[in-house]
Amino acid sequence: ALMCAALQCGTPPATPLTRKRLNVAAIVGRWTPKLDNNEAIQAGICPLEDSAAGVRICRDVNTYLDDDNPVLSQVSSVESLNTSVKRLRAQLDSSIGRSNVEITANALRGVVEKHLDQQVKDSVIRSWADVEITDNGSEYVIDYQAASVEPVLWFRIRLHASRVGG
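This write-up is about the structure you can find in this document.

Cut-offs and rules
- Residues numbered from 1 in each chain as written.
- Predicted model: local features only at pLDDT ≥ 70, side-chain atom pairs only at ≥ 80, totals over all residues.
- Heavy atoms only, no water.
- Axes fitted to C-alpha atoms, helices over the stretch in contact; angles between N-to-C directions.
- Helix = DSSP H or I, 4+ residues; strand = E, 2+ residues; numbered from the N terminus.
- Parallel < 35°, antiparallel > 145°, perpendicular 65-115°, else oblique.
- Left-handed = near helix turned anticlockwise from the far one by under 90°.
- Contact = heavy atoms within 4.5 Å.
- Nonpolar A, V, L, I, M, F, W, Y, C, P; charged D, E, K, R; others polar.
- Pairing = 2+ DSSP bridges.
- Buried < 20%, exposed > 50% of the residue type's maximum accessible area, 1.4 Å probe, protein only.
- Polar contact = N/O pair within 3.5 Å; in protein donor to acceptor, adjacent residues only side chain to side chain.

Close contact between helix α4 (residues 75-92) and helix α5 (residues 105-121) brings their axes to 10 Å; oriented N to C, the two are set at 135°. In terms of their interaxial angle, α4 and α5 are classed as oblique. α4 and α5 meet at a crossing whose hand is right-handed. Residues Ser84, Arg87, Leu88, Gln91 and Leu92 of α4 touch α5, and the partners they reach there are Leu108, Val111, Val112, His115, Leu116 and Gln119. By residue class, the composition of the contact of α4 with α5 is six nonpolar, four polar and one charged.

In structure tokens form, the structure reads like this:
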């Protein structure tokens, strides 16, 4: 767990750990990774597996099991969304203490949208939509939707066989 946490801390935000290699000599346990990894993933366990290149992380899942929302059960996807909120809050922090006459909801919307555009360019989030700003006097409530950066987990390949005419 410590090695996975260190790897997550040492990579840019929203970097998937799925299939990343660890400097581990061997995996020891009472399960068969090839047979039991899917069960471990469904239980919120981040299993390791042997590969030709060495020991690697099978899937970077977390313990979120409340529903089948893959965004909330993937470590890197949750990090994408948390980083989005953290960076937006940091960008707006310098406005704390200013008069609400100086900062209007419309002006604030422009600032938020500009920073969300930058987050897309920086690959923090994949996209955003529906920024809503509510003026409550001494507080602005900022709501937005964001699509997290998600890991590619598999490819579905379909072959359609036919005879080549000639």
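This next bit is on the pairing of strand β1 (residues 48-51). Direction of pairing for β1 relative to strand β2 (residues 54-57): antiparallel, over a ladder of four bridges. Each residue of the ladder has a partner; that of Ser51, found in β2, is Gly54.

Glancing now at the pairing of strand β4 (residues 140-148). Pairing of strand β3 (residues 125-135) with β4, which is carried by eight bridges, proceeds in the antiparallel orientation. Looking at the pairing, Asp135 lines up with Tyr140 of β4. The loop that links β3 with its antiparallel partner β4 comprises four residues; one of these, Gly137, has a positive phi angle of about 90°.

For Ser76, the location among the structural elements is in helix α4. Given a relative accessible area of 0%, Ser76 falls into the buried group. A distance of 3.3 Å separates polar atoms of two side chains, one belonging to Ser76 and the other to Asp60. If we ignore the near neighbours within four places in the chain, the residues touching Ser76 are Ala14, Thr15, Pro16, Asp60, Val149 and Pro151.

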